[in-house]
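Now for the letters of each chain:
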Amino acid sequence: MTSYESFFSRDAHSFRASAIRVFAKLINDPKIISFAGGVPNPDTFPAERIAELAARVVREKRAVSLQYGPTRGLPRLCESIAKIMSERGVACTSDDVLTTTGSQQALDLIAHTILDPGDVVAVELPTYIGGSASFFARSATLVGVQQDDEGIVPESLREVASKTRIKLLYTIPNFQNPSGRLMTQQRRGAVLQLAEEFDFLVIEDDPYGELVYVDGADTTAMKSRDGQGRVLYLGSFSKVLAPGLRCGWIVAPPALLERLEIAKQAADLCSGMLDQSIVDELVANGELQPQIARVRDFYRGKRGILIEELEKHFTSHAHWTSADGGLFTFLTLNDNVDTASKVKEAVANGVAYIPGGPFFVDGSGANTMRLTFAKESDERIRTGVSRLAHVFGFDER
Ligand SMILES: Cc1ncc(COP(=O)(O)O)c(C=O)c1O
């Protein structure tokens, strides 16, 4: 057989490979200082504890940890998740929780359950590529909504909703990937009002809400204001424990959750029970909060150094988001330079970043880039920013 094209489904023809995966290979070359990663630093993973707990649950709880489990998730873990939700301002019980194989699976299940080909999903400009990928994979149409430093601009969302029938809005209100922005509570309220006025559902994706580096950041979930049952909230242990433990969750109204549960039965029967068992032990032992505190401490200093260095080298040439939490700052050059065209030169100069264009579904954002402070040492962050400034002609070396 020479071609399989005629065998592919309609949706398979709509699949989009991640436009930033090509940069992944830049991340692991030690000669290159990388601001390009999109992953947590392995030094934050509680590896020894995970090893101990893994051994224990395999030896002592094999009938659970090595067995098929309920599609909804390990019951005690669902209860712990309901408690975590109440700390985020959302009153719910374990019956409102569906565990997922990372929040990425939650995005796919929701897309499968809600979207028909051609349905319109509103996404932030810029947005998380894995989110767009899930919607494109269902042949949806994506439209962009403007953000400013307070989050989604309500007038822009209104304009989009007035022109097209939006079925779903996808938002990452806490320290968004890629922009690092925190949406204000006032804007969250305005977005929900528009959801009611124009009758669409909202995915609130929140993998970064616990990674806070400043005082007074209000990360209270949009879901806490969800009087009408329009919000599907997604949580994840990936950024506070380890993404290799594929452990996320959805909190949604019962009628939606029941349908998503059936979609999940078809997808994987249940999420990995070994992963869930490990996370369950850790959370039930009260080890999550101290772990979160350690992860915050780990990133806080690095974030400070990156911002400080940007101020030193880029102040007259660009602006960037304050990254009060999460893993990223997002930089916009004052001039109309296409950052994608400079990647090669940057790598030749020993520094890597992710050009921002692929995060914008409307084709804008060529003069932007995403920078993570997660990977490199303090010293290498300093050297990396000065190399970056050199590449863009902003500094002498
Ligand atoms: C905004 C956002 N949503 C979802 C995910 C997927 O996370 P998980 O590991 O929980 O599948 C990521 C991962 O980077 C992300 O940045």
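Residues numbered from 1 in each chain as written. Predicted model: local features only at pLDDT ≥ 70, side-chain atom pairs only at ≥ 80, totals over all residues. Heavy atoms only, no water.

S.K.: Explain the overall build of the protein chain here, please?
M.R.: The helix and strand tally for the protein chain stands at 13 helices and 14 strands. Against the globule reference of 21 Å for 397 residues, the protein chain gives a C-alpha radius of gyration of 21 Å, in line with a compact fold. By the burial criterion, 56% of the 397 residues in the protein chain qualify as buried. Counting contacts in the protein chain only where the partners sit at least 6 residues apart, residues at least 24 apart contribute 75% of the total. A total of about 16900 Å² of accessible surface is found on the protein chain, and carbon and sulfur atoms cover 51% of it. The positive charge centre, built from 43 side chains, and the negative charge centre, built from 51, are 4 Å apart in the protein chain. (Helix = DSSP H or I, 4+ residues; strand = E, 2+ residues; numbered from the N terminus. Rg over C-alpha atoms; globule rule 2.2 N^0.38 Å. Buried < 20%, exposed > 50% of the residue type's maximum accessible area, 1.4 Å probe, protein only. Contact = heavy atoms within 4.5 Å. Areas by Shrake-Rupley, 256 points an atom, 1.4 Å probe, with all protein chains shown as cover. Lys, Arg positive; Asp, Glu negative; His and termini not counted. Charge placed at Lys NZ, Arg CZ, Asp CG, Glu CD.)

S.K.: Teacher, can you tell me more about the site of the ligand here?
M.R.: Lining the immediate surroundings of the ligand are 14 residues, of which S103, D205, Y208, S236 and S238 lie closest. Take S103: an N or O atom from its main chain is 2.8 Å from an oxygen atom of the ligand. Taking K239, its side chain carries an N or O atom lying 3.0 Å from an oxygen atom of the ligand. With the chains in place, 93% of the 400 Å² that the ligand exposes on its own is no longer accessible. Of the residues forming the shell around the ligand, the biggest block, three residues, is contributed by helix α5 (residues 102–114). Of the residues belonging to the shell around the ligand, the class tally is five nonpolar, six polar and three charged. (Near = heavy atom within 4 Å. Polar contact = N/O pair within 3.5 Å; in protein donor to acceptor, adjacent residues only side chain to side chain. Nonpolar A, V, L, I, M, F, W, Y, C, P; charged D, E, K, R; others polar.)

S.K.: Which parts of the structure should I look at to understand the packing of α5 against helix α6 (residues 129–136)?
M.R.: Packed helices, taken two at a time, are described by their axes: the angle between them and the distance between them. Running from N to C, α5 and α6 point in directions that differ by 30 degrees, and their axes come no closer than 8 Å. Judged on the interaxial angle alone, α6 and α5 are roughly parallel. Both α5 and α6 take part in a crossing whose hand is right-handed. Here Q104, L107, D108 and A111 of α5 lie close against α6, whose contacting residues are G130, G131, S134 and F135. Here the contact of α5 with α6 is built from residues that sort into three nonpolar, four polar and one charged. (Axes fitted to C-alpha atoms, helices over the stretch in contact; angles between N-to-C directions. Parallel < 35°, antiparallel > 145°, perpendicular 65-115°, else oblique. Left-handed = near helix turned anticlockwise from the far one by under 90°.)

S.K.: Is there a simple way to think about the pattern of salt bridges in this case?
M.R.: Pairing between side chains of opposite charge can happen when the charged atoms of each approach one another. Following the criterion strictly, the structure yields 29 salt bridges and no others. A salt bridge links E281 to R56; its shortest N-O distance comes to 3.4 Å. Of this pair, E281 sits in helix α10 (residues 273–284) while R56 is found in helix α2 (residues 47–60), placing the two residues 225 residues apart along the sequence. R56 gets classed as partly exposed once you look at its relative accessible area, which sits at 34%. Here K312 ties to E309 by a salt bridge, and the two come within 2.9 Å at their closest N and O atoms. You can see K312 and its partner E309 sitting in helix α11 (residues 288–314), three residues apart, about one turn around the helix. By relative accessible area, which is 57% here, K312 ends up exposed. Assessed through its relative accessible area of 3%, E309 is described here as buried. A single network of salt bridges, built from pairs that share partners, joins R56, K61, R76, D280 and E281. (Salt bridge = Lys/Arg side-chain N within 4 Å of Asp/Glu carboxyl O.)

S.K.: Explanation requested: unusual backbone geometry in the structure shown.
M.R.: Comment: phi is negative for the bulk of residues other than glycine, and the bulk of peptide bonds are trans. Going from L125 to P126, the amide bond is cis rather than trans, its omega being 0 degrees. Within the secondary structure, P126 is located in the loop between β3 (120–125) and α6. Across the junction of N177 and P178, the peptide omega takes the value 15 degrees, indicating a cis bond. Along the chain, the position of P178 falls in the loop between β6 (166–171) and α8 (185–198). Non-glycine residue F175 carries a positive phi angle of around 50 degrees.

S.K.: Whenever I open this one, the sheet that holds strand β5 (residues 151–152) confuses me. Can you help?
M.R.: By way of backbone hydrogen bonds, the strands of a sheet pair with one another, either parallel or antiparallel. The strand order β2-β9-β8-β7-β6-β3-β4-β5 describes an open sheet built from eight strands, whose pairing is mixed. Each end of this open sheet is capped by a strand with a single partner; those strands are β2 (97–100) and β5. The pairing of β2 with strand β9 (residues 248–251) spans four bridges and is classified as antiparallel. Across the sheet, residue V97 finds its bridge partner in β9, namely V251. (Pairing = 2+ DSSP bridges.)

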